[in-house]
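If you want the building blocks of each chain, they are given just below.
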Amino acid sequence: MGGMSVRTQSSEQPAEAVHRAGFACFVGRPNAGKSTLTNALVGQKVAITSNRPQTTRHTVRGIVHRPDAQLILVDTPGLHKPRTLLGERLNDVVRTTWAEVDVIGFCLPADQKIGPGDRFIAKELAGIKKTPKVAIVTKTDLVDGKALAEQLIAVDQLGRELGITWAEIVPVSATAGRQVDLLADLLIPLMPEGPALYPEGDLTDEPEQVMVAELIREAALEGVRDELPHSIAVVVEEMLPREDRPADKPLLDIHANLFIERPSQKGIVIGPKGKRLKDVGIKSRQQIEALLGTPVFLDLHVKVAKDWQRDPKQLRRLGF
């Protein structure tokens, strides 16, 4: 395969143990399996920390704690071709994040040919010279060995074509739990040496609201991405444990608003007889329950916030 190395087992640990800690972010098209991979690396309950070190301004998606290392996975908003003020602001945030993290994991699903969306991201990655990049071929459980080998070669070619040197090319299946630990083993040596940046098991609920909002937004965008790619903002108004519940049967009440820009978009999000909104509720509720590890009652409302993408005051209120 001409000098390309695909890792399938872990290399030996050096005798003198140094502690490493740093930041990684996963990038890729919306269905590239980034969230599933994050959850698999971190374990189901995502660790969210309250006293953030000053080194990051980004949403922490999860933390991999190891005796010899701490790998902090941060979120980047999706990169896309900008059409609005928000689009440009998002793209700036993305580029800044990519330049600030210690490693970028580029997720490409094994079951889909490399497409224009992947190329667009890869070209942007090629412009970020210093940060090491790991190509992660996800969803390997969906293809046979031959198709996987072809995809690995295609990823290697993509790198050569654009002048990206992949630090590693790693096939994983987050759902089947294949090679997930190996991926962590390969990301950790790319982190700088240093003490842990977050105390272990330190939890707060402030960013949980951010993550819950993101899960609802992802579910709402599925299937209508072309019609309103960025015209949905989600605000979690409150998250409260329901009173009068026995300790072994807790229930979390979540009230959230889905904001769209124009009344005409309401029908798209709600769907015929409310079916789409109901599906969004079911899908995001399952993911929120997996994230928080507790049963959830989700109350979703669709509201119009006129032209919020172009209004700096609304942008701030909606967290951008």
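Residues numbered from 1 in each chain as written. Predicted model: local features only at pLDDT ≥ 70, side-chain atom pairs only at ≥ 80, totals over all residues. Heavy atoms only, no water.

**Observations regarding the packing of helix H3 (residues 116–127) against helix H4 (residues 145–162)**
- Two numbers describe how H3 lies on H4: the axes approach to 10 Å, and their chain directions differ by 50°. As far as their axial angle goes, H4 and H3 are oblique. The handedness of the crossing between H3 and H4 comes out as right-handed. Where H3 approaches H4, its residues Arg119, Ala122, Lys123 and Ala126 are matched on the opposing element by Leu158, Glu161 and Leu162.
- Of the residues that constitute the contact of H3 with H4, the class distribution is four nonpolar, no polar and three charged. (Axes fitted to C-alpha atoms, helices over the stretch in contact; angles between N-to-C directions. Helix = DSSP H or I, 4+ residues; strand = E, 2+ residues; numbered from the N terminus. Parallel < 35°, antiparallel > 145°, perpendicular 65-115°, else oblique. Left-handed = near helix turned anticlockwise from the far one by under 90°. Contact = heavy atoms within 4.5 Å. Nonpolar A, V, L, I, M, F, W, Y, C, P; charged D, E, K, R; others polar.)

**Digging into the pairing of strand S3 (residues 69–74)**
- Across the six residues that make up S3, a large majority, six, are buried.
- Covered by surrounding structure in S3 are Ala69, Leu71 and Leu73 together with Gln70, Ile72 and Val74, the residues of both alternating faces.
- As judged from the six bridges shared by strand S1 (residues 20–27) and S3, these two strands associate in the parallel manner. When the bridges of S3 are listed, Cys25 appears paired with Val74.
- The pairing of strand S2 (residues 60–66) with S3 spans six bridges and is classified as antiparallel. Paired with Val60 across the strands is Val74, a residue of S3.
- What sits between S2 and S3 in their antiparallel hairpin is a turn of two residues. (Buried < 20%, exposed > 50% of the residue type's maximum accessible area, 1.4 Å probe, protein only. Pairing = 2+ DSSP bridges.)

**Thoughts on the confidence of the model for the protein chain**
- Looking at the protein chain as a whole, the pLDDT averages 82, with 84% of positions reaching at least 70.
- Long-range and interchain partners of residues 47–57, a stretch whose pLDDT sits below 50, account for 32 contacts in this model, where long-range means more than four residues apart. (pLDDT = per-residue confidence, 0-100.)

**Some points on the pattern of salt bridges**
- In total, this model carries 11 salt bridges according to the counting rule given.
- The residue Asp118 makes a salt bridge to Arg29 at a minimum N-O spacing of 2.8 Å. You can see Asp118 sitting in helix H3 and its partner Arg29 sitting in the loop between S1 and helix H1 (34–42), a full 89 residues away along the chain. Here the two residues Asp118 and Arg29 agree in accessibility, since each one is buried.
- Here Asp279 makes a salt bridge to Lys275, at a shortest N to O gap of 2.8 Å. (Salt bridge = Lys/Arg side-chain N within 4 Å of Asp/Glu carboxyl O.)

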